[in-house]
Amino acid sequence: MDSLMRISVLMALARLIVDFPIKQRTALLIDLANHADLSGETSQLLSAFQAVGIDLRAYRCTLSRDPLERSRHAASLSMAYKRLRQTFQYHEQDFM
């Protein structure tokens, strides 16, 4: 049951993230890809994003060493997580 609930939430989040502005979506996907264990082909996170046409493995990368680029990435990531929290809370009743 926990597994079904987890995949349901991941699918809902993937459907939300796919509609984010490009910079926020990219920053969030890079963060997820760099922090998640994507080694297993049947990862629930990978499956959820593949269902909306996103291959998280393509977003795994090393962040730029340029301070300005890192700052822009951090700002976009912060906005993306804020948007995700707000949007998910707003739609939470639809997902559960």
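Up top is the structure.
Note that the structure is a prediction, hence the values are computed from the model and not measured.

Student: Can you lay out the side chain of serine 76 for me, pointing to particular residues and giving the numbers?
Tutor: By secondary structure assignment, the location of serine 76 is in helix H4 (residues 67-95). With sequence-adjacent residues up to four places away left out, serine 76 is seen in contact with Lys23, Gln24 and Ala27.

Student: Give a description of the packing of aromatic side chains that names residues and reports values.
Tutor: In total, this model carries zero aromatic pairs according to the counting rule given. If you follow arginine 83 out to its NZ or CZ, it ends over the ring of phenylalanine 20, 5.6 Å from the centre.

Student: Would you mind going over the pattern of salt bridges in detail, with residue names and values included?
Tutor: Here the structure, examined in full by the defined rule, presents two salt bridges. A salt bridge links arginine 57 to aspartate 55, with the shortest nitrogen-to-oxygen separation between them at 3.2 Å. Among the ionic pairs, arginine 72 bridges to glutamate 69, the shortest N-O distance being 3.2 Å. Of this pair, arginine 72 and glutamate 69 both sit in helix H4, three residues apart, roughly one helical turn. Classification of arginine 72 by relative accessible area gives partly exposed; the value is 46%. Given a relative accessible area of 37%, glutamate 69 falls into the partly exposed group.

Student: Any chance you could break down the nonpolar core for me, citing the residues and the numbers?
Tutor: Side chains of nonpolar character tend, in soluble globular proteins, to be buried together. Ile17, Leu28, Leu38, Leu45, Phe49 and Leu56 are the most contacted members of the largest nonpolar core, which totals 22 residues. Those elements that provide at least two residues to this core are helix H1 (2-17), helix H2 (22-35), helix H3 (44-50) and H4. It is H1 that provides the largest number of residues to this core, a total of five residues. Residues contacting leucine 56, with those up to four places away along its chain left out, are Leu29, Leu32, Ala33, Leu38, Leu45, Leu46 and Phe49.

Student: Tell me about the environment of alanine 58, and please be specific about residues and values.
Tutor: Mapped onto the fold, alanine 58 is located in the loop between H3 and H4. The class of alanine 58 is exposed, set by a relative accessible area of 61%. Separated by 28 residues in the primary sequence, alanine 58 and isoleucine 30 place their C-alpha atoms 8.7 Å from one another.

Parameters at a glance
- Residues numbered from 1 in each chain as written.
- Predicted model: local features only at pLDDT ≥ 70, side-chain atom pairs only at ≥ 80, totals over all residues.
- Heavy atoms only, no water.
- Helix = DSSP H or I, 4+ residues; strand = E, 2+ residues; numbered from the N terminus.
- Contact = heavy atoms within 4.5 Å.
- Phe/Tyr/Trp six-rings, centres within 6.5 Å; stacked < 30°, edge-to-face > 60°.
- Lys NZ or Arg CZ within 6 Å of the ring centre and 35° of its normal.
- Salt bridge = Lys/Arg side-chain N within 4 Å of Asp/Glu carboxyl O.
- Buried < 20%, exposed > 50% of the residue type's maximum accessible area, 1.4 Å probe, protein only.
- Core = buried A, V, L, I, M, F, W, Y, C linked by side-chain atoms within 4.5 Å.

Bear in mind that shape data such as this cannot, by itself, settle questions of function.
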